[in-house]
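Residues per chain are reported as follows:
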Amino acid sequence: RLRNDLNAGKRRNEILGTDVAKLEGEIGELELKNQTSTQALKVLVKDKEDKMVSHDVLKLEVKKLREQLSAVVDETFGLDNRKAQLQLSMEERQREVAVHAE
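About the criteria used
- Residues numbered from 1 in each chain as written.
- Predicted model: local features only at pLDDT ≥ 70, side-chain atom pairs only at ≥ 80, totals over all residues.
- Heavy atoms only, no water.
- Helix = DSSP H or I, 4+ residues; strand = E, 2+ residues; numbered from the N terminus.
- Rg over C-alpha atoms; globule rule 2.2 N^0.38 Å.
- Buried < 20%, exposed > 50% of the residue type's maximum accessible area, 1.4 Å probe, protein only.
- Areas by Shrake-Rupley, 256 points an atom, 1.4 Å probe, with all protein chains shown as cover.
- Salt bridge = Lys/Arg side-chain N within 4 Å of Asp/Glu carboxyl O.

Undergrad: Got a sec to walk through the overall build of the chain? Specific residues and values, please.
TA: In terms of regular secondary structure, the chain is built from 1 helix and 0 strands. Its C-alpha atoms give the chain a radius of gyration of 43 Å, clearly above 13 Å, the size a compact globule of 102 residues would have. By principal-axis analysis of the C-alpha atoms, the chain measures approximately 150 × 15 × 10 Å. The 102 residues of the chain split such that 0% are buried. About 10,000 Å² of surface is accessible on the chain, with carbon and sulfur atoms providing 58% of the total.

Written out as structure tokens, the structure is:
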């Protein structure tokens, strides 16, 4: 009876040893997957941060270009207005000259 119990205990110990080896293998695989996922996450976070910085830089460039465009538009309108005023002055002067010529 004792020998049977001893043999059963040895078999059980072998089975548990096999189970422990399998579980250790699975743990190793999961740790590797976890490390790989962590590294991939770090890469994605860095990429996201780089893109956010690029986006902000582009927004600043667009703002600067809009301000420059607005300044050019204002200058153009000012010059057009000045041109119109000069044309009116020239026409009035030509009328005055025509009146004095008659």
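Undergrad: A description of the pattern of salt bridges should follow, citing residues and the corresponding values.
TA: Applying the stated criterion across every chain yields a total of 3 salt bridges. Here lysine 46 ties to aspartate 50 by a salt bridge, and the two come within 3.1 Å at their closest N and O atoms. Highlighted residues: lysine 46 and aspartate 50, both in helix α1 (residues 2–101), separated by 4 residues, approximately one helical turn. Among the ionic pairs, glutamate 96 bridges to arginine 93, the shortest N-O distance being 3.4 Å. Taken together, the positions of glutamate 96 and arginine 93, both in helix α1 and 3 residues apart, correspond to about one turn of that helix.

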